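In case you want the letters, here they are:
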Amino acid sequence: MDSRLGGQAWLPDPDDFVRVSELVKIYGDTVAVKSVDLSVRRNELFAFLGSSGCGKSTLLRMLAGFEAPTSGRIYLDCEDITDIPPYRRPVNMMFQSYALFPHMTVQANVAFGLKQEGIAKNEIHERVFEALDLMQMASFSRRKPRQLSGGQQQRVALARSLIKRPKLLLLDEPMSALDKQIRQKTQIDLVKILEQVGVTCIIVTHDQEEAMTMATRLAVMTEGQIVQCGAPHDIYTFPNSRFVAGFIGSTNFFSGTITVDAPDHILIESAELMHPLYISHGIGEPLGMQVHVSIRPEQIRVLREQPVAQFNWEHGMVRHVAWLGSYALYQIRLDSGLVINASVPGMALAQADAPGIDEEVFVSWAENSATVLTT
Ligand code: ADP
């Protein structure tokens, strides 16, 4: 606990390599960051994920030291760095635009930070080529940035960021200057390089696929706050709110009322469903409580035959089928009028009897596939 948190002395935890405590940033009447608490572990690849204006860049700039917090503290490797100016922090930030010097060669761009520190020429040369080798860019050392592709410029910018061996690397929307086609490969390449270097890294992105591909853990942000923090798989499978369930991946929402809440199951009645929803665990909430239920499209089965079960199935009509290669997205209008999405493996759709547009179908889902959202 921080000394401002309940009056107890804050004891550094060696696992908290970066620790942010009650961080706030207010610009005039805009609260850009609202009391953020966060821990990032050593060598972790952590992402701040949120849509435009949620405060993620402001948080990153405070970690870099480019913005002073209105209140709160920032610790790096158990040291309070809140009042340390950016150039004295063992932190480096790679900007969205890469900010390479256009008139300098690749080699000079990468060497720049070391030259400013007055390091001996032969050591600079050795370290520059070590970094360029790691990025597979040594053969481009004499080129100017304009003679490089977007992906190559990114690797030069990364070499320049890493050469001073920062304790913390900050990447601001690292893929935004790249074409869509090469982004996914670049994301994986970048993760491999960062793992090889062994640096703690925080990425800011608005792209959930990018955050899910690259990060070991991520913080979902909205309106200046972290609303959920965890491993990508855990956030996808166990979203803690309707907002997170809708933001991370697509989902179907049903609203309803809890009618049974037993230790091993609950029943939810919904005006949007003909049959009650049965979920195979209790949630310990009052009967009659209004809740939302999220069921992912890949959890919904599309059937021709009517299920014999009492719960968790509906009747509907196929409204649209979108063929997306490895899977197809079915849009189905239920008898209540609600339209839901179901994703079906492409191989199943290729079968001759796969339901088509305007055909009657049944949908069903397993009793452990729905997530109840009480907020
Ligand atoms: P994001 O990076 O998630 O898009 P930002 O951190 O850039 O969001 O901005 C969060 C909020 O703070 C926004 O409402 C933005 O307009 C505001 N903001 C950011 N920087 C400034 C600034 N220098 N002066 C005033 N308001 C700012």
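Data block above holds the structure.
Below or above, wherever it landed, is the structure these notes cover. (Residues numbered from 1 in each chain as written. Predicted model: local features only at pLDDT ≥ 70, side-chain atom pairs only at ≥ 80, totals over all residues. Heavy atoms only, no water.)

1. Here we look at the nonpolar core
Next up, step 1: In terms of nonpolar packing, the biggest core is built from 44 residues, with L158, L169, L171, L194 and L218 touching the most fellow members.
Next up, step 2: In terms of residues, this core owes the most to one element, helix α4 (residues 150-162), which gives 5 residues.
Next up, step 3: What L218 contacts, discounting residues up to four positions off in sequence, is F46, A47, L49, A211, M212, Q228, C229, G230, P232 and I235.
Next up, step 4: In terms of nonpolar packing, the next biggest core, distinct from the first, is built from 27 residues, F17, L60, I74 and V204 among them. (Core = buried A, V, L, I, M, F, W, Y, C linked by side-chain atoms within 4.5 Å. Buried < 20%, exposed > 50% of the residue type's maximum accessible area, 1.4 Å probe, protein only. Helix = DSSP H or I, 4+ residues; strand = E, 2+ residues; numbered from the N terminus. Contact = heavy atoms within 4.5 Å.)

2. Regarding the pattern of salt bridges
Next up, step 1: Taken as a whole and judged by the stated rule, the model has 14 salt bridges.
Next up, step 2: Residue E44 is joined to R217 by a salt bridge in which the shortest nitrogen-to-oxygen separation is 2.5 Å. Note that E44 is positioned in the loop between β2 (30-40) and β3 (45-49) and R217 in strand β9 (residues 217-222), a separation of 173 residues in sequence. Both residues of the pair, E44 and R217, count as buried.
Next up, step 3: The closest approach of N and O atoms between E359 and R304, which form a salt bridge, is 3.0 Å. Here E359, found in the loop between α9 (346-349) and β19 (360-364), pairs with R304, found in the loop between β15 (301-303) and β16 (313-323); they are 55 residues apart in sequence, far enough to count as distant. (Salt bridge = Lys/Arg side-chain N within 4 Å of Asp/Glu carboxyl O.)

3. Some thoughts on the pairing of strand β6 (residues 91-94)
Next up, step 1: Across the two faces of β6 the burial is the same, with V91 and M93 and N92 and M94 all buried.
Next up, step 2: As defined by bridge partners, β6 adjoins strand β7 (residues 168-172) across 4 bridges and the pair is classed as parallel. When the sheet's bridge partners are listed, N92 is paired in β7 with L169. (Pairing = 2+ DSSP bridges.)

4. Brief notes about the site of the ligand
Next up, step 1: Taken together, Y27, T30, A32, S51, S52, G53, C54, G55, K56, S57, T58 and R61 form the complete shell of residues around the ligand.
Next up, step 2: In this structure, an oxygen atom belonging to the ligand sits 2.7 Å away from a main-chain N or O atom of G53.
Next up, step 3: Within the backbone of C54, an N or O atom sits 3.0 Å from an oxygen atom of the ligand.
Next up, step 4: Summarising the interface, the protein chains cover 61% of the accessible area of the ligand, which totals 560 Å² for the free molecule.
Next up, step 5: Counting residues per element, the ones that place at least two in the shell around the ligand are β2 and α1 (56-64).
Next up, step 6: Broken down by element, the residue count for the shell around the ligand peaks at 4 residues, all from α1.
Next up, step 7: When the residues that make up the shell around the ligand are grouped by side-chain class, the tally is 3 nonpolar, 7 polar and 2 charged. (Near = heavy atom within 4 Å. Polar contact = N/O pair within 3.5 Å; in protein donor to acceptor, adjacent residues only side chain to side chain. Areas by Shrake-Rupley, 256 points an atom, 1.4 Å probe, with all protein chains shown as cover. Nonpolar A, V, L, I, M, F, W, Y, C, P; charged D, E, K, R; others polar.)

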